[in-house]
Amino acid sequence: QVQLVESGGGLVQAGGSLRLSCTASGTIFSINDMGWYRRGPKTRDLVAVMTNGENTNYADSAKGRFTISRDYAKNTVYLQMNSLKPEDTGVYYCYAEIARYMYYQPLGYWGQGTQVTVSS
């Protein structure tokens, strides 16, 4: 079993900050990519992702306001969200590509989502 648990969402005024946290637990051999997606009209859209080599990719809408980081020892990924805008409002999902056992194919796993609401 693999579980991703997010925290840190909430209500904040425009211009404020939040830090999202996601920890993977269960049977885990290794984690490759780990990051954050936001629910869109039809799919989940990339917000930020970090590989196990610490390469990063950000959505254009992040505009340098968000910073993703990882604590590999704790199987945890963070998203520091600064200068938040009402347009950032949404449900943010943690994502991780995880191999549960050695030699197993890595698979994608999702958290339950955490609500971020930015008021104006």
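Further up the page is the structure itself.
Our subject in this report is the structure included herewith. (Residues numbered from 1 in each chain as written. Predicted model: local features only at pLDDT ≥ 70, side-chain atom pairs only at ≥ 80, totals over all residues. Heavy atoms only, no water.)

With that settled, the discussion passes to the sheet that holds strand β7 (residues 66-71). Taken in spatial order, the 4 strands of this open sheet run β1-β3-β8-β7, and their pairing is antiparallel. In this open sheet, the two edge strands, each paired with only one partner strand, are β1 (2-7) and β7. Strand-to-strand twist across the sheet, computed as the mean angle between neighbouring axes with direction ignored, equals 15°. By the bridge criterion, 6 bridges tie β7 to strand β8 (residues 76-81) in an arrangement that is antiparallel. Counted as the bridge partner of S69 is Y78 from β8. (Pairing = 2+ DSSP bridges. Helix = DSSP H or I, 4+ residues; strand = E, 2+ residues; numbered from the N terminus. Axes fitted to C-alpha atoms, helices over the stretch in contact; angles between N-to-C directions.)

Take the side chain of R65 next. Positionally, R65 belongs in the loop between β6 (56-58) and β7. Here the side chain of R65 touches S61 through a polar contact of 2.7 Å, landing on its backbone oxygen. (Polar contact = N/O pair within 3.5 Å; in protein donor to acceptor, adjacent residues only side chain to side chain.)

Before going further, it helps to examine unusual backbone geometry. Most peptide bonds are trans, and most residues other than glycine sit at a negative phi. You will see that E54, though not glycine, has its phi angle at about 70°, which is positive. By the secondary structure assignment, E54 is in the loop between β5 (44-50) and β6. Of note, the phi angle at N75 is positive, near 50°, even though the residue is not glycine. Here N75 is to be found in the loop between β7 and β8.

The subject of this paragraph is the nonpolar core. Ranked by size, the top nonpolar core spans 27 residues in total, and within it L4, M34, W36, L79, M81 and I98 carry the most contacts. Put simply, the parts of the chain that give this core at least two residues each are β1, β3 (18-26), β4 (30-39), β5, β7, β8, β9 (90-99) and β11 (114-119). (Core = buried A, V, L, I, M, F, W, Y, C linked by side-chain atoms within 4.5 Å. Buried < 20%, exposed > 50% of the residue type's maximum accessible area, 1.4 Å probe, protein only.)

The buried count for β9 comes to 8 of 10 residues, which makes it a mostly enclosed element. Where β4 and β9 come together, 7 bridges link them in antiparallel fashion. Bridge assignment links G35 to a residue of β9, and that residue is Y95. As paired elements, β9 and β11 share 3 bridges and run antiparallel to each other. When the sheet's bridge partners are listed, V91 is paired in β11 with Q115. The pairing of β9 with strand β10 (residues 107-110) spans 4 bridges and is classified as antiparallel. The partner of A96 across the bridge, within β10, is Y109.

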